[in-house]
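# Remarks on the overall topology
So you can see what is in the structure, the chains are spelled out below.
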Amino acid sequence: MNRSTSAIVIGGGIIGCTVALELAKRNMHVTVLDKGALGQEASTAAAGMLGAQVETHHPGPFYELCAASQQMYREWARELQEISGVSPQYIEQGIVRVALTEEDEAELRSRLPWIRNAEWIDGADARSLEPAIADAARGGLYFGRDHQVHPIHLMNALRAALSRIGCEAREWTPALRLIVRDGRVTGVKTTDGDLYADHTVLAAGAWSPALLEPLAVKLPLFPVRGQCISVRTDAPPIVRTVFTKGCYIVPKQDGTLLIGATQEEAGFNKKTTVSVVSELHRRATALLPALSGAEFVSTWAGLRPGTPDGLPYMGQLQEAPGLTFATGHFRNGILLAPVTGKLVAGLLDGDQPALDLSPFSPERVQ
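Below, the structure is looked at part by part. Because the structure is a prediction, the values reported are computed rather than measured. Sequence order sets the numbering: in each chain, residues are counted from 1 along the sequence as written. Only residues with pLDDT of at least 70 get local features here, since the model is predicted, and only at 80 or more are side-chain atom pairs given and counted; chain-wide, interface and lining totals rely on the full set of residues. Hydrogens and water are ignored here; the side-chain numbers use all heavy atoms of the structure.

Looking now at the sheet that holds strand β6 (residues 168-170). Taken in spatial order, the six strands make up an open sheet running β6-β2-β1-β10-β17-β16, and their pairing is mixed. On the outer flanks of this sheet lie β6 and β16 (313-316), each paired with one strand and no other. Taking each pair of neighbouring strands and ignoring which way they run, the sheet shows an average axis angle of 15°. For two strands to be treated as a pair, DSSP must find at least two bridges joining them. Secondary structure elements follow DSSP: runs of H or I no shorter than four residues count as helices, runs of E no shorter than two count as strands, and numbering proceeds from the N terminus. Two elements, β16 and strand β17 (residues 323-327), share four bridges in a ladder whose sense is antiparallel. By the bridge assignment for β17, Met 314 is matched with Ala 326. In this description, a line fitted to the C-alpha atoms serves as the axis of each element, helices being fitted only across the stretch in contact, and the angle between N-to-C directions of two axes falls anywhere from 0 to 180 degrees.

Any Lys or Arg side-chain nitrogen located within 4 Å of an Asp or Glu carboxyl oxygen qualifies as a salt bridge. For the structure shown, the criterion picks out 25 salt bridges. Notably, a salt bridge pairs Asp 351 with Arg 26, separated by 2.9 Å at the nearest N-O pair. Highlighted residues: Asp 351 in the segment after α7 (333-348) and Arg 26 in the loop between α1 (14-25) and β2 (29-33), separated in sequence by 325 residues. Whether a residue is buried, partly exposed or exposed follows from its accessible area with a 1.4 Å probe, protein chains only, as a fraction of its type maximum: under 20%, in between, or over 50%, in that order. Here Asp 351 falls in the partly exposed class, since its relative accessible area comes to 36%. The class of Arg 26 is partly exposed, set by a relative accessible area of 28%. Of the charged contacts in the structure, one is a salt bridge between Arg 364 and Asp 309, with a shortest N-O distance of 2.7 Å. One end of the pair, Arg 364, is in the segment after α7; the other, Asp 309, is in the loop between β15 (295-306) and β16, with 55 residues separating them in the sequence. The class for Arg 364 is partly exposed, based on a relative accessible area of 27%.

Moving on, we come to the packing of aromatic side chains. Each aromatic ring pair is summarised here by two numbers: the centre-to-centre distance and the angle between the ring planes. Centre distance within 6.5 Å is the pairing criterion for rings of Phe, Tyr and Trp, where only the six-membered ring of Trp is used; planes under 30 degrees apart are then read as stacked, over 60 as edge-to-face, and the remainder as tilted. Counted according to the given criterion, the structure contains five aromatic pairs. With 6.3 Å between their ring centres and 10° between their planes, Tyr 73 and Tyr 90 make a pair best called stacked. One end of the pair, Tyr 73, is in helix α2 (residues 61-84); the other, Tyr 90, is in the loop between α2 and β3 (95-99), and 17 residues separate them in sequence. Each member of the pair Tyr 73 and Tyr 90 is classed as buried. Taken together through their ring pairs, the aromatic side chains of Tyr 73, Trp 76 and Tyr 90 make up a single cluster. By the criterion adopted, a ring carries a charge over it if an Arg CZ or a Lys NZ lies within 6 Å of its centre and within 35 degrees of its normal. Between Lys 35 and the ring centre of Trp 207, over which it is positioned, the NZ or CZ distance is 4.4 Å.

Turning our eyes to something else, we now look at the sheet that holds strand β13 (residues 247-251). Spatial ordering of the open sheet is given by β4-β5-β3-β12-β13-β14-β11-β15, a layout of eight strands whose pairing is mixed. Two strands close off the open sheet at either side, each with one partner strand: β4 (119-122) and β15. Averaged over all pairs of adjacent strands, the angle between their axes in this sheet comes to 20°, without regard to strand direction. Contacts from helix α3 (residues 102-109) reach β3, β4, β5 (139-143) and β12 (241-244) within the one sheet, and its direction differs from that of β3 by about 130°. Every residue pair with non-hydrogen atoms within 4.5 Å of one another is taken to be in contact. Taken strand by strand, helix α6 (residues 274-287) contacts β3, β11 (222-232), β12, β13, β14 (256-260) and β15, and its axis lies near 60° from that of β11.

A word on the packing of α1 against α7. Direction vectors running N to C along α1 and α7 enclose 40°, while the axes themselves pass 8 Å from each other. In terms of their interaxial angle, α1 and α7 are classed as oblique. Relative to α7, the crossing made by α1 is right-handed. Of the residues in α7, those touching α1 at Ile 14, Ile 15, Thr 18, Val 19, Glu 22, Leu 23 and Lys 25 are Gly 333, Ile 334, Leu 336, Ala 337, Pro 338, Thr 340, Gly 341, Lys 342, Val 344, Ala 345 and Leu 348. To sort the angles, those under 35 degrees are grouped as roughly parallel, those over 145 as roughly antiparallel, those from 65 to 115 as roughly perpendicular, and the leftovers as oblique. Helix crossings fall into two classes, left-handed where the near helix is turned counterclockwise from the far one by less than a right angle and right-handed where it is turned clockwise.

In structure tokens:
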């Protein structure tokens, strides 16, 4: 294809790869840079819940962004598999969000006036959906449209799709700093030399702020460690994701159950700790007693990109022409990948955004 416009995407996680794929579909020549292998940071350290409803505690722009991405996901996953030949393991089972305490029940009920695609269920209803749920369940919310994917298979599909569509992926090629000429971002200095492009997209997650040194731009963003564990039982006790305050359990097609996750501001420390593993298992067993004797499979941690107000940075800055932001998605990067890819690619292509991006603009912190 004759591609006259070029773009560099810094960051090869799910957000960066999805933006790159959407740009390539718009006939741009795209290069993805990553300091390591694609998708080896927060993207594949996640559980893969598409919880537009379950993890949103109040109405507003962020809820609408999550809901829009969720509505896109089934078709996006189908198209991704068609392009790549790899299944992202999109599973159409809902989420049962259970309250085990009176306080948690009150919080969940407070969402009913504004939340969509949810129904209140009592404890017996919850156990009817998933018989392994503890008798202590007071009730909760059932989100039939909050599905899931497998993060590792999703990244494998994205990697294959980028290759098939003609994107250049430069792994193990750290971006050192942005190149600025006459006030405009024109490329990136890397350990493998300088690269130039018409557009540069910053999608480097928790590592994004360090790349802005040549600009008079501050990006409040920090790593938040999330520790998870994986266990296995003789037969999977659930088919849907079950969730309570402080713990979720996501069943996967290989028979494992992913349990997570913490939120710790521990800098760039990715170590897992015995105390957290023990606490996650305790909370999971309180929700699903059948996990008391589960086989331990593995533990891991990822560094999610947190922002002070909990909203991602998506958009452009007058102070940094040539640069577009797509970072700071915290624990919702997998859910928000389709909508972020579409919106950011559209910005570079001159489209009118389908959603109001002003709440997510990096201008809000300048």
